[in-house]
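Next come the chains, spelled out residue by residue.
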Amino acid sequence: MNGDAALLLLADSRLPAGGHAHSGGVEEAVRRGAVTGAGDLARFLRGRLATAGLVTAALAAAACELAEAPPPGDTADGVSLWRRLDAEADARTASPAQREAARLQGRLLLRTARRMWPSAALDTLARAVPEGPHHPVALGAAAASAGCAPRQAALAAAYTSVTGPATAAVRLLGLDPVTVHRLLADLATALDDTARAACASLDDAAPQGRWHALPGHSAPALDLLAEGHLTNPMKLFVS
């Protein structure tokens, strides 16, 4: 499949991978009064892209690169590398609630991708992380299996890191969808820059399997929102 066409499929909100059930922190931010309108949402999205968005984009690019060029050894070598990359994602996710949400989305995406784009890389990832890989790891593997390059995987991850919360905000606050899409359009340059920075971190981490240069930007506010959302009995979204 052409990588550009596959990129559109991966970024499509209709992809049956559970993304519509996650608000990316917006639901709890709305409940606490931190996001009340379009202006607050714009700041939330830009901050999320600069932190969690960059991290997930880099992880997706690393997963895509690993899936494109698996190690020359036996299957055990591939399993080991997938486990290590998933552990890198785990280490960059401080909130237990966020880790569980990321694995839930990862499990759903991996299951969907194995039906849409069957590949040895996806099969190896499923064996390596049977509890479900983190979502960006699954996204990068799926992107490679669909014919995408690492930069396209990074762009898809960055894009979904803001479109999910934006869509949730429309539902939660009754915002004008056109206004919210204008906010996303204003992020176009930042999305490209994020994907470029994500791939640059891979260049600094060669050879394959050395991921110490992946960004680790923390977002304490998102961690707190995730933990608060977990204990909120009245909610529309899983996370």
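Notes on the structure in this doc start here. Note that the coordinates shown come from a computational prediction; the quantities given were computed from them, not determined experimentally.

1. Side note on the overall build of the chain
Thinking step 1. Within the chain, the regular secondary structure consists of 11 helices and 0 strands.
Thinking step 2. Its helices and strands in sequence order give the chain the pattern α-α-α-α-α-α-α-α-α-α-α, from N to C terminus.
Thinking step 3. Relative to the compact-globule value of 18 Å for 239 residues, the chain shows a C-alpha radius of gyration of 17 Å, a close match.
Thinking step 4. Seen through its C-alpha atoms, the chain measures out along the principal axes to roughly 55 × 35 × 35 Å.
Thinking step 5. Burial statistics for the chain: of 239 residues in total, 52% are counted as buried.
Thinking step 6. Long-range contacts, defined as pairs at least 24 residues apart, comprise 81% of the intrachain contacts of the chain with a sequence gap of at least 6.
Thinking step 7. A total of about 10,900 Å² of accessible surface is found on the chain, and carbon and sulfur atoms cover 57% of it.

2. Brief notes about the pattern of salt bridges
Between side chains of opposite charge, pairing is possible as soon as their charged atoms come close.
Thinking step 1. In the structure shown here, the tally under the stated rule is 12 salt bridges.
Thinking step 2. Between Glu 28 and Arg 31 there is a salt bridge, with its nearest N and O atoms 2.7 Å apart. Taken together, the residues span about one helical turn, with Glu 28 and Arg 31 both in helix 2 (residues 26–31) at a distance of 3 residues.
Thinking step 3. Judged by its relative accessible area of 0%, Glu 28 falls in the buried class.
Thinking step 4. Residue Asp 186 pairs with Arg 182 through a salt bridge whose shortest N-O separation is 2.9 Å. One end of the pair, Asp 186, and the other, Arg 182, are both in helix 9 (residues 177–186), 4 residues apart, so they sit about a helical turn from each other.

3. Considerations on the nonpolar core
Thinking step 1. Ranked by internal contacts, the top residues of the largest apolar core, which has 74 residues, are Leu 41, Phe 44, Leu 45, Trp 82, Leu 85 and Leu 214.
Thinking step 2. If you tally residues by element for this core, the top one is helix 3 (residues 38–68), at 16 residues.
Thinking step 3. Excluding its chain neighbours within four sequence positions, the residues that come into contact with Leu 41 are Val 26, Val 35, Pro 165, Ala 169, Leu 175, Val 180 and Leu 183.

4. Observations regarding the side chain of His 134
Thinking step 1. Looking at where His 134 falls in the secondary structure, it is placed in the loop between helix 6 (120–128) and helix 7 (135–146).
Thinking step 2. Exposure remark for His 134: the relative accessible area of 2% places this residue in the buried category.
Thinking step 3. Side-chain polar atoms of His 134 contact the side chain of Asp 90, separated by 2.8 Å.

Rules and cut-offs
- Residues numbered from 1 in each chain as written.
- Predicted model: local features only at pLDDT ≥ 70, side-chain atom pairs only at ≥ 80, totals over all residues.
- Heavy atoms only, no water.
- Helix = DSSP H or I, 4+ residues; strand = E, 2+ residues; numbered from the N terminus.
- Rg over C-alpha atoms; globule rule 2.2 N^0.38 Å.
- Buried < 20%, exposed > 50% of the residue type's maximum accessible area, 1.4 Å probe, protein only.
- Contact = heavy atoms within 4.5 Å.
- Areas by Shrake-Rupley, 256 points an atom, 1.4 Å probe, with all protein chains shown as cover.
- Salt bridge = Lys/Arg side-chain N within 4 Å of Asp/Glu carboxyl O.
- Core = buried A, V, L, I, M, F, W, Y, C linked by side-chain atoms within 4.5 Å.
- Polar contact = N/O pair within 3.5 Å; in protein donor to acceptor, adjacent residues only side chain to side chain.

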